[in-house]
Amino acid sequence: RLGGDIGLPSAKSLFALQGERLAKLGALAGAPPPVWYVMTSPFTHDMTTRYFKRHKYFGLNAKDVKFFKQGTLPCFTEAGGIILKSFDEVSEAPDGNGGIYAALAREGIIDDMRARGIEHVYAYCVDNALVQVGDPAFVGCCVERRCDAGAKVITKAYPTEPVGVFATRINSETGKKEYHVVEYSEIPESLATAKDKRTGELKFNAANIALHYYSFEFLAKCCLDLKLPHHIARKKIPFLDVATGETVTPEQPNGIKLEAFIFDVYKYANSVCVVQGHRARDFAPVKNAEGTGKDSPDTARELITTLHAQWITDAGGVIENVPEGVPPACEIAASASYAGENIPPGVRVPHASYVQTFAK
């Protein structure tokens with residue numbers, strides 16, 4: 001899905017959208033685009049690197065697009081035995097998004113960042129079709145406040161939405177305030193729906209959408225000095241049928257994989273900046289198949305084209321020939337506008353069109 005067309009008027013893939021946003025960010029800054037570090041898994045690495053090469057790195061300098069592989073861990077039965085995939089192969093799975101820290105060190109990426117003089121790092125999940133790659137307002141806020149780490153969050157769509165939330169607690173041993181992400185499965189409904197008596201807002205309402213900032217020095221510490229815990233995830237794991245010698249893919253979860261979580265380092269930060277984002281501008285996940293109606297290409301497509309149409313109307317422009325009962329929609333190339341800037345007042349754009357440039 002990452003390299004595929006999600007049905008936009010431009011037929012751009014998620015990688016293409018993000019690469020072109022990086023290129024535009026450099027252009028707006030009057031500088032080379034930020035270096036793009038792309039974490040793959042051993043199962044997707046070759047496919048991903050070929051895709052980038054075939055598309056000429058989406059206009060970026062190939063030397064500034066660096067790939068590195070996530071690690072894997074063996075999968076286990078509920079009794080603790082290692083699951084075999086074949087007679088000579090152990091079933092393995094990626095070690096979670098928190099495996100990024102070990103991978104950055106092991107694959108030489110931290111050394112590359114240090115050699116380039118990089119001071120600030122922005123991280124995100126590639127399946128977010130709306131991500132403002134590099135997000136200068138968010139990163140700038142973290143830099144201005146001299147934070148070790150930062151997170152951009154959004155409010156929950158409803159109190160029991162199945163998302164993790166940022167929360168703080170006081171470490172009883174050190175007295176230090178620590179930042180944590182509490183998974184939705186760990187929050188009882190009474191807390192998920194609890195409201196602040198002073199504001200009337202939900203007490204736990206800072207939904208984690210995997211938009212992260214790190215100072216380079218803190219990131220280097222995370223990669224070189226910290227050991228993260230692994231969390232249990234029950235998954236459908238391919239296994240060896242000893243009687244037939246065949247690998248079987250089960251229809252139900254049959255084993256355990258171990259995952260590290262990217263946000264588990266926040267408790268080690270001396271200072272954390274949590275910035276309130278906006279769901280309609282910051283979050284369009286693509287996790288499910290087309291037509292499922294949730295976190296799918298069609299929902300992401302609608303979010304992008306609705307937002308871009310809003311940019312037009314905010315500039316005093318008009319979306320033309322909109323069918324009755326249909327929300328105005330269009331797609332604006334990142335080369336024309338990164339986040340709604342530089343749109344000519346009063347511009348007229350056909351409904352459901354792809355705008356590559358604005359006439360001057």
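Look a little higher up for the structure.
Here the structure is a predicted model, which is why all the values come from computation and not from measurement. (Residues numbered from 1 in each chain as written. Predicted model: local features only at pLDDT ≥ 70, side-chain atom pairs only at ≥ 80, totals over all residues. Heavy atoms only, no water.)

### A few points about the overall build of the protein
Item 1. On a plain count of helices and strands, the protein comes out with 9 helices and 20 strands.
Item 2. On the principal axes, the C-alpha backbone points of the protein span a range of 65 × 55 × 50 Å.
Item 3. Of the contacts made within the protein by residues no fewer than 6 positions apart, 65% connect residues no fewer than 24 positions apart.
Item 4. Only carbon and sulfur atoms are counted for the fraction: they give 51% of the accessible area of the protein, which is about 18900 Å².
Item 5. In the protein, which carries 40 positive and 42 negative side-chain charges, the distance between the mean positions of the two groups comes to 4 Å. (Helix = DSSP H or I, 4+ residues; strand = E, 2+ residues; numbered from the N terminus. Contact = heavy atoms within 4.5 Å. Areas by Shrake-Rupley, 256 points an atom, 1.4 Å probe, with all protein chains shown as cover. Lys, Arg positive; Asp, Glu negative; His and termini not counted. Charge placed at Lys NZ, Arg CZ, Asp CG, Glu CD.)

### Quick word on the pattern of salt bridges
Item 1. Tallied over the entire structure, the rule returns 14 salt bridges.
Item 2. Its salt-bridge partner being Asp135, residue Lys152 comes within 2.8 Å of it at the nearest N-O pair. Here Lys152 is found in strand β8 (residues 149-154), whereas its partner Asp135 is found in the loop between β7 (120-124) and α5 (136-144), with 17 residues between them in sequence. By the burial criterion, Lys152 is buried, and Asp135 matches it.
Item 3. A salt bridge links Glu178 to Arg169; the nearest nitrogen and oxygen atoms lie 3.8 Å apart.
Item 4. One network of salt bridges, with partners in common, ties together Asp64, Asp112 and Arg116. (Salt bridge = Lys/Arg side-chain N within 4 Å of Asp/Glu carboxyl O. Buried < 20%, exposed > 50% of the residue type's maximum accessible area, 1.4 Å probe, protein only.)

### A look at a nonpolar patch on the surface
Item 1. Nonpolar side chains collect at one region of the surface, where Ile82, Leu84 and Val90 lie side by side and expose about 230 Å² of accessible area between them.
Item 2. Topologically, Ile82 is positioned in the loop between β3 (72-74) and β4 (84-86). (Patch = residues over 30% accessible without salt bridge, like charges linked within 9 Å, V, L, I, M, F, W, Y side chains within 5 Å.)

### Quick notes on unusual backbone geometry
Item 1. Its identity as a non-glycine residue notwithstanding, Ala11 has a phi of 60°, on the positive side.
Item 2. Of the residues examined, Ala11 reaches a relative accessible area of 44% and is grouped as partly exposed.
Item 3. Phi at Tyr57 takes a positive value of approximately 55°, unusual for a residue other than glycine.
Item 4. Among the structural elements, Tyr57 can be located in the loop between α2 (45-54) and β2 (65-69).

### Looking at the nonpolar core
Item 1. Core analysis: the biggest nonpolar cluster contains 35 residues, and Tyr101, Leu104, Met113, Tyr214, Leu219 and Tyr266 have the highest contact counts within it.
Item 2. Only α3 (100-106), α4 (109-116), β7, β8, β10 (177-182) and α7 (216-224) provide two or more residues apiece to this core.
Item 3. With 6 residues, α7 is the single largest residue contributor to this core.
Item 4. Setting aside residues no more than four positions away along its own chain, Met113 makes contact with Tyr37, Leu104, Ile118, Val121, Phe216 and Leu219.
Item 5. If you look at the next biggest cluster of nonpolar residues, it comprises 28 residues, including Phe15, Tyr122, Ala207 and Tyr213. (Core = buried A, V, L, I, M, F, W, Y, C linked by side-chain atoms within 4.5 Å.)

### Observations regarding the side chain of Asp148
Item 1. One can find Asp148 in the loop between α5 and β8.
Item 2. Buried and unpaired, Asp148 has no salt bridge, with Lys221 as the nearest side chain of opposite charge at 6.5 Å.
Item 3. Contacts of Asp148, omitting those with residues within four sequence positions, involve Tyr213, Tyr214, Ser215, Phe218, Ala269, Asn270 and Ser271.

### Some remarks on helix α1 (residues 14-29)
Item 1. Look at α1: 23 Å from first C-alpha to last across 16 residues, which is about the 22 Å you get at 1.5 Å a residue.
Item 2. Along its buried surface, α1 packs onto β1 (36-40), α2, β7, α5, α9 (297-314) and β18 (330-332).
Item 3. Looking one or two residues past α1, Gly30 carries a phi angle of roughly 65°, positive in sign. (Expected span 1.5 Å × (residues − 1).)

### Overview of the environment of Ala16
Item 1. Structurally, Ala16 is set in helix α1.
Item 2. On the basis of relative accessible area, Ala16 is assigned to the buried category, the value being 5%.
Item 3. Measuring from C-alpha to C-alpha, the distance between Ala16 and Phe58 comes to 6.0 Å, with 42 residues separating the pair along the chain.

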